Amino acid sequence: MTHTIAAPRTPVTRSKGTNWEKWGWIYMRASGVVLVVLIFGHLFVNLMVGKGVHAIDFAFVGGKWSDPFWQVWDGLMLWLALIHGANGMRTIVNDYAHNRTLRGILKIAILVAVIVLLVLGTLVVTTFDPCPAGSPADLLPSICKDL
Ligand code: HEM
């Protein structure tokens, strides 16, 4: 069977309703631009500043997640990248899964994975306790000494 693909600039004839595919397309571009800043900022701060990768341990992570700036940074990175990745996977499923039922199952699996990871990730970033009671002092971030 042959399919004829319309010329790229052919206007789409749609009359009413929100064009979700268009907004999804715009989201991929807009989130991509913000993700460049968030991801490369994240890599630079974690791997290159100061002692770089050698400084990463529980205390490093605990220290970052007790700072609202990094909570917002990491929370934004989590939400933007997960929704971006999931929407991209949805496109790939639509392109390659030819069976309607299989397509539905795969897209529901993506949606469930995104919801679970967003809920768990947001909880971790916003409720992380860097100074759990009863932990050895040498494993805790320096901020715990002031508590
Ligand atoms: C540096 C940050 C990123 C930029 C600038 C970026 C940019 C883009 C753009 C513009 C598209 C649309 C491509 C198209 O429509 O042809 C896209 C697709 C996609 N992105 Fe990203 N992205 C980034 C990070 C990520 C991350 C972190 C993930 C995974 C969580 C991801 C997963 C995907 C997937 C699965 C697709 C769909 C690929 C396809 O349609 O074949 N991207 N990305």
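Residues numbered from 1 in each chain as written. Predicted model: local features only at pLDDT ≥ 70, side-chain atom pairs only at ≥ 80, totals over all residues. Heavy atoms only, no water.

Visitor: Can you help me understand the site of the ligand in this one?
Guide: Taken together, the neighbourhood of the ligand is formed by 13 residues, with Met 28, Arg 29, Gly 32, His 84 and Gly 88 sitting nearest. Within the side chain of His 84, a nitrogen or oxygen atom sits 2.8 Å from a nitrogen atom of the ligand. Looking at the shell around the ligand, the elements that each hand over two or more residues are α1 (20–47) and α3 (68–96). In terms of residue count, α3 provides more of the shell around the ligand than any other element does, seven residues in total. (Near = heavy atom within 4 Å. Polar contact = N/O pair within 3.5 Å; in protein donor to acceptor, adjacent residues only side chain to side chain. Helix = DSSP H or I, 4+ residues; strand = E, 2+ residues; numbered from the N terminus.)

Visitor: Looking at this structure, I do not really get the UniProt feature "transmembrane region" (unreviewed entry) in the chain. What am I missing?
Guide: According to UniProt, the positions carrying the feature "transmembrane region" (unreviewed entry) are residues 26–49, 69–87 and 108–128. Between the first and last C-alpha atoms of residues 26–49 the distance is 33 Å; the span itself is 92% helix and 0% strand. (UniProt positions renumbered as here; feature names shortened; annotations may be inferred.)

Visitor: Which parts of the structure should I look at to understand the coordination of the iron atom of the ligand?
Guide: Perfect tetrahedral coordination of a metal by four donors corresponds to 109.5 degrees between them, and perfect octahedral coordination by six donors corresponds to 90 or 180 degrees. Protein coordination of the iron atom of the ligand is limited to a single donor, His 84 (NE2), positioned at 2.0 Å. By secondary structure assignment, the location of His 84 is in helix α3. (Donors = N, O, S within 2.8 Å, 3.2 Å for Na, K, Ca; no water.)

Visitor: Where do I start with the packing of α3 against helix α4 (residues 100–127) in this structure?
Guide: In a pair of packed helices, the angle between the axes and the distance between the axes together describe the arrangement. In contact at an axis separation of 10 Å, α3 and α4 are set at 175° when each is read in the N-to-C sense. Judged by the inter-axis angle, α3 sits roughly antiparallel to α4. Residues Gln 71, Asp 74, Gly 75, Leu 78, Trp 79, Leu 82, Ile 83, Ala 86, Met 89, Arg 90, Val 93 and Asn 94 of α3 form the contact with α4, whose own contacting residues are Arg 103, Leu 106, Lys 107, Ile 110, Val 114, Leu 117, Leu 118, Gly 121, Thr 122, Val 125 and Thr 126. (Axes fitted to C-alpha atoms, helices over the stretch in contact; angles between N-to-C directions. Parallel < 35°, antiparallel > 145°, perpendicular 65-115°, else oblique. Contact = heavy atoms within 4.5 Å.)

Visitor: I would appreciate a short explanation of α3 in the present structure.
Guide: What sets the pattern is the α-helix's 3.6 residues per turn: residues three or four places apart point alike. Helix length check: α3, at 29 residues, gives a terminal C-alpha distance of 41 Å against a target of 42 Å (1.5 Å per residue), a fit within 8%. Of all the positions in α3, only Trp 70, Trp 73, Asp 74, Gly 75, Met 77, Leu 80, Leu 82, Ala 86, Asn 87, Gly 88 and Val 93 are classed as buried. Buried positions along α3 lie against α1, α2 (58–64) and α4. Its side-chain oxygen at 2.9 Å from the backbone nitrogen of Phe 69, Asp 67 defines the N-terminal cap of α3. (Expected span 1.5 Å × (residues − 1). Buried < 20%, exposed > 50% of the residue type's maximum accessible area, 1.4 Å probe, protein only.)

Visitor: Before we go on, may I ask you to explain the state of the cysteines in this structure?
Guide: In total, this model carries one disulfide according to the counting rule given. With a sulfur-sulfur separation of 2.0 Å, Cys 131 is cross-linked through a disulfide to Cys 144. Residues Cys 131 and Cys 144 are joined by a disulfide whose S-S torsion is about -90°; by sign, that bridge is left-handed. Of this pair, Cys 131 sits in the segment after α4 while Cys 144 sits in the segment after α4; the two residues are 13 residues apart in sequence, bridging distant segments of the chain. Residue Cys 131 shares its accessibility class with Cys 144, and that shared class is buried. (Disulfide = S-S within 2.5 Å.)

Visitor: How should the nonpolar core be read in this particular structure?
Guide: Formed by Leu 82, Ala 86, Val 93, Ala 97, Ile 110, Val 114 and Leu 118, the largest nonpolar core amounts to seven residues. At the level of secondary structure, the elements contributing two or more residues to this core comprise α3 and α4. With near-sequence residues (within four places) excluded, Ala 86 lies in contact with Ile 110 and Val 114. (Core = buried A, V, L, I, M, F, W, Y, C linked by side-chain atoms within 4.5 Å.)

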